[in-house]
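# Per-entry structural report
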Amino acid sequence: MEIISATWLHPPTGCYMCNIDVAMGENRSVGAAIFRIDDGSITHIHTTRIMQCDPLAGELYTLCWGAVVAAKLALKHVTFQSDSKGAVEAIKGINSKDFGLHYNITDLVVRFHTSAKNFDLWDVCWIPRKLNCVAHDVAKWAIRSCRFEEIELSNFDSFLRATAADGCCEFTVSLFKLLFLICLFVFAAVFWLYTDEGKTLQSSANPQTTTVRNR
């Protein structure tokens, strides 16, 4: 049984981690690649326009493109992470017979392995979406802004400080849940104060005020 970490794990010393994701819009689809070093800091952000309409083909194309970018950056030890199980399994050759209906899947897999020959050590692994938030959000940003190729880190300065390591959306969801519970508690307290029971208890706690009102 495969064990999935609950948090984003830093790459080993001397290695790079490349998080890949695709965002599909009404008029265009975009892939994003986020490169990090062993301390978790982001070194490069790249985006690209993709033409595939099929989600699996789009994820595979982005993995292939990410490998090309990594080779151009002269990286030698790279781990690619994707939240598409189908794309990861295709690259690793798992259930390859299931991809026979997709005429372009085999070509994309071959293209990835061709680019991977530039690396001394590489791997592809699946991670949950909640640990791939930065790549996903950057891809969505690229759709809105139509910004492609290498993106200056300054474009995401405040965003990256908040998401130096992935898993940020899990933290964000927990924070929103906490804020929601606080608001719900405050609303319930205010509502209770204005009910008959609340007024009765208030009157009991302030008898002098009640007497004055009765007069």
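Here's a quick rundown of the structure.

The rules behind these values
- Residue indices follow the written sequence of each chain, beginning from 1 at its first position.
- Note on the predicted model: pLDDT of at least 70 is required for a residue's local features to be given, and 80 or more for side-chain atom pairs to be given and counted; whole-chain, interface and lining totals, by contrast, use all residues.
- Values shown for side chains rest on all heavy atoms present in the structure; no hydrogens or waters enter the calculation.
- In this description a helix means any DSSP run of H or I spanning at least four residues, a strand means any run of E spanning at least two, and both kinds are numbered starting from the N terminus.
- Exposure classes here rest on a 1.4 Å probe applied to the protein chains alone. A residue is buried below 20% of its type maximum, exposed above 50%, and partly exposed in between.
- Throughout, a contact is declared for two residues whenever any of their heavy atoms are within 4.5 Å.
- Working definition of accessibility: Shrake-Rupley area with a 1.4 Å probe, residue cover restricted to the visible protein chains.
- Interaxial angles span 0 to 180 degrees and are taken between N-to-C directions of axes, which are lines fitted to C-alpha atoms, for helices over the stretch in contact.
- Roughly parallel means an angle under 35 degrees; roughly antiparallel, over 145; roughly perpendicular, 65 to 115; everything else is oblique.
- The crossing is said to be left-handed when, going from far helix to near helix, the turn is anticlockwise and less than a right angle, and right-handed when the turn is clockwise.
- To estimate the expected span of a helix, subtract one from its residue number and multiply by 1.5 Å.
- When DSSP locates at least two bridges between a pair of strands, those strands are taken to pair.
- What we call a nonpolar core is a set of buried Ala, Val, Leu, Ile, Met, Phe, Trp, Tyr and Cys residues that are connected through their side-chain atoms within 4.5 Å.
- By convention, a stacked pair of Phe, Tyr or Trp rings (six-membered ring in the case of Trp) has centres within 6.5 Å and planes under 30 degrees apart, an edge-to-face pair has planes over 60 apart, and any other such pair is tilted.
- The patches reported here contain residues having more than 30% relative accessible area and no salt bridge. Joining distances are 9 Å for like charges and 5 Å for nonpolar side chains (Val, Leu, Ile, Met, Phe, Trp, Tyr).
- When a carboxyl oxygen of Asp or Glu lies within 4 Å of a side-chain nitrogen of Lys or Arg, that pair is called a salt bridge.
- Definition of a polar contact: a pair of N or O atoms within 3.5 Å, with one able to donate and the other able to accept a hydrogen when the atoms are protein atoms, and with sequence-neighbouring residues admitted only if both atoms are side-chain atoms.

## Considering the overall build of the chain
When you go through the chain residue by residue, the secondary structure sums to 8 helices and 6 strands. Element order for the chain, N to C, with α for helix and β for strand: β-β-β-α-β-α-α-β-α-β-α-α-α-α. Residues counted as buried form 40% of the 215 residues belonging to the chain. Counted over contacts in the chain with a minimum sequence separation of 6, partners at least 24 positions apart contribute 68%. Of the accessible surface of the chain, which amounts to about 12900 Å², a share of 58% is contributed by carbon and sulfur atoms.

## Overview of the environment of lysine 130
Tracing the sequence through the fold places lysine 130 in the loop between strand 5 (121-126) and helix 4 (133-145). Residues lysine 130 and threonine 7 lie 123 residues apart in sequence; the distance between their C-alpha atoms is 8.9 Å.

## Quick look at the packing of helix 1 (residues 55-72) against helix 3 (residues 105-116)
Helix 3 packs onto helix 1 with a crossing angle of 15° between their chain directions and a minimal axis gap of 8 Å. When the interaxial angle is binned, helix 1 and helix 3 end up roughly parallel. Pair helix 1 / helix 3 crosses with left-handed handedness. Here helix 1 contributes Leu56, Ala57, Leu60, Tyr61, Leu63, Cys64, Ala67 and Val68 to the contact with helix 3, which in turn contributes Ile105, Leu108, Val109, Arg111, Phe112 and Ser115.

## Overview of helix 4
In this model, helix 4 (13 residues) spans 18 Å end to end at C-alpha, consistent with the 18 Å of a helix rising 1.5 Å per residue. Positive backbone phi, approximately 55°, marks cysteine 146, located one or two places after helix 4.

## Digging into the sheet that holds strand 4 (residues 77-82)
One open sheet holds the 6 strands; their spatial order is 5-4-1-2-3-6, and the pairing between them is mixed. Both outer strands of the open sheet, strand 5 and strand 6 (149-151), are each paired with one neighbouring strand and no more. Ignoring strand direction, the axes of neighbouring strands in this sheet form an average angle of 25°. Two elements, strand 4 and strand 5, share 6 bridges in a ladder whose sense is parallel.

## Brief notes about the nonpolar core
Membership of the largest hydrophobic core comes to 31 residues, with the highest contact counts inside it found for Leu60, Phe80 and Phe112. Sorting the residues of this core by element identifies strand 1 (16-24), strand 2 (29-36), helix 1, strand 4, helix 2 (85-92), helix 3 and strand 5 as the ones contributing at least two each. Per-element tally for this core: the top contributor is helix 1, with 10 residues. For phenylalanine 112, the residues in contact, after removing those within four places along its chain, are Leu63, Cys64, Ala67, Phe80, Ile91, Trp122 and Val124. Core analysis: the next-biggest nonpolar cluster, separate from the first, contains 15 residues, Ile45, Ala142, Ile151 and Phe156 among them.

## As for the packing of aromatic side chains
Per the counting criterion, the structure on display carries 3 aromatic pairs. When the ring of phenylalanine 80 is compared with that of phenylalanine 112, the centres are 5.6 Å apart and the planes differ by 75°; the resulting orientation is edge-to-face. Of this pair, phenylalanine 80 sits in strand 4 while phenylalanine 112 sits in helix 3, and the two are 32 residues apart along the sequence. Just as phenylalanine 80 is buried, phenylalanine 112 falls in that class too. Here the aromatic cluster, defined as three or more aromatic residues joined through ring pairs, consists of Phe80, Phe112, Phe119 and Trp122.

## A look at a nonpolar patch on the surface
Together, Ile182, Phe185, Val186, Val190, Trp192, Leu193 and Tyr194 make up an exposed nonpolar region whose accessible area comes to about 730 Å². As for its placement among the helices and strands, isoleucine 182 is situated in helix 6 (residues 168-193).

## Comments concerning the pairing of strand 4
The element strand 4 is largely enclosed, with a buried count of 5 among its 6 residues. Strand direction decides the pairing type here: strand 1 and strand 4, joined by 5 bridges, are parallel. Bridge pairing in strand 4 links methionine 17 to threonine 79.

## What about the side chain of serine 82?
With respect to the element layout, serine 82 can be found in strand 4. A polar contact is formed between the side chain of serine 82 and the backbone nitrogen of serine 84, at a distance of 3.0 Å. If we ignore the near neighbours within four places in the chain, the residues touching serine 82 are Ile20, Glu59, Leu63, Val88, Cys125, Trp126 and Ile127.

That is the geometry; function is a separate question.
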